[in-house]
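Chain residues, written in single-letter form:
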Amino acid sequence: VQLQAYGGGLVQAGGSLRLSCTASGRTFNSYVMGWFRQAPGVEREFVAARSRSGTSVYADSVKGRFTISRDSAKNTLYLQMNSLKPDDTAVYYCVVDSNVILSSIRSASAYDHWGQGTQVTVSS
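Since this is a predicted model, take the numbers as computed values, not measurements.

> Would you mind going over the packing of aromatic side chains with me for this structure?
The description of two aromatic rings rests on the distance between their centres and on the angle between their planes. Under the defined criterion, the tally for this structure stands at 4 aromatic pairs. Ring centres 5.5 Å apart and planes at 70° place the aromatic pair Phe-36 and Tyr-111 in the edge-to-face group. Separated by 75 residues along the polypeptide, Phe-36 in strand 4 (residues 32-38) and Tyr-111 in the loop between strand 9 (90-97) and strand 10 (113-114) bring together distant segments of the chain. Like Tyr-111, Phe-36 is buried. Seen in terms of ring centroids, Tyr-93 and Trp-114 are 6.1 Å apart; in terms of plane orientation they differ by 70°. Their pairing is edge-to-face. One end of the pair, Tyr-93, is in strand 9; the other, Trp-114, is in strand 10, with 21 residues separating them in the sequence. On the accessibility criterion, Tyr-93 (12% relative accessible area) is buried. For Trp-114, a relative accessible area of 26% translates into the label partly exposed. Chaining the aromatic ring pairs together yields one cluster made of Phe-36, Phe-46, Tyr-93, Tyr-111 and Trp-114.

> Can you help me understand the nonpolar core in this one?
Nonpolar side chains tend toward joint burial in soluble globular proteins. One finds Trp-35, Val-47, Phe-66, Leu-79, Met-81, Tyr-92 and Tyr-111 to be the most contacted residues of the largest nonpolar core, which totals 37 residues. The element that contributes the greatest number of residues to this core is strand 9, accounting for 5 residues. Excluding anything up to four places from it in sequence, Tyr-111 contacts Val-32, Phe-36, Ala-49, Val-95, Val-96, Asp-97, Val-100 and Ile-105.

> Would you explain the state of the cysteines in this entry?
In protein structure, a disulfide is the covalent linkage between the sulfur atoms of two cysteines. Within the structure shown, the criterion is met by 1 disulfide. One disulfide bridge connects Cys-21 with Cys-94, the sulfur atoms lying 2.1 Å from each other. Measuring the twist about the S-S bond at about 55°, one finds the Cys-21-Cys-94 disulfide to be right-handed. Residue Cys-21 is located in strand 3 (residues 17-24), and its partner Cys-94 is located in strand 9; the two are separated by 73 residues in the primary sequence. On the basis of relative accessible area, Cys-21 is assigned to the buried category, the value being 1%.

Reading guide: rules and limits
- Residues numbered from 1 in each chain as written.
- Predicted model: local features only at pLDDT ≥ 70, side-chain atom pairs only at ≥ 80, totals over all residues.
- Heavy atoms only, no water.
- Phe/Tyr/Trp six-rings, centres within 6.5 Å; stacked < 30°, edge-to-face > 60°.
- Helix = DSSP H or I, 4+ residues; strand = E, 2+ residues; numbered from the N terminus.
- Buried < 20%, exposed > 50% of the residue type's maximum accessible area, 1.4 Å probe, protein only.
- Core = buried A, V, L, I, M, F, W, Y, C linked by side-chain atoms within 4.5 Å.
- Contact = heavy atoms within 4.5 Å.
- Disulfide = S-S within 2.5 Å.

The following block contains the structure:
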């Protein structure tokens, strides 16, 4: 399984970015896919995930501002980030796993496959 995340960059507060993550190696229709982020000196934190049934789950800190979606035909996961804040500055990682259950979807340890990360920097 290989995950390639891209789309990060530098943006002013209030701006938008769209992250993409392309998965390869197998078909991921039955997998949970999601995003985590890590700021310097902070543990990785859950951002959003898409369950097998299509349910979207969000961290409270991004709810209403971020939207997760996936294009199964392209094996690609997206994270549309609007109304960005300086606190959103972090390296964003996409994740995928076939064995994540809904109760564990926010747990980093539940995912075996991680992309390389893409930097998002929000200036004030």
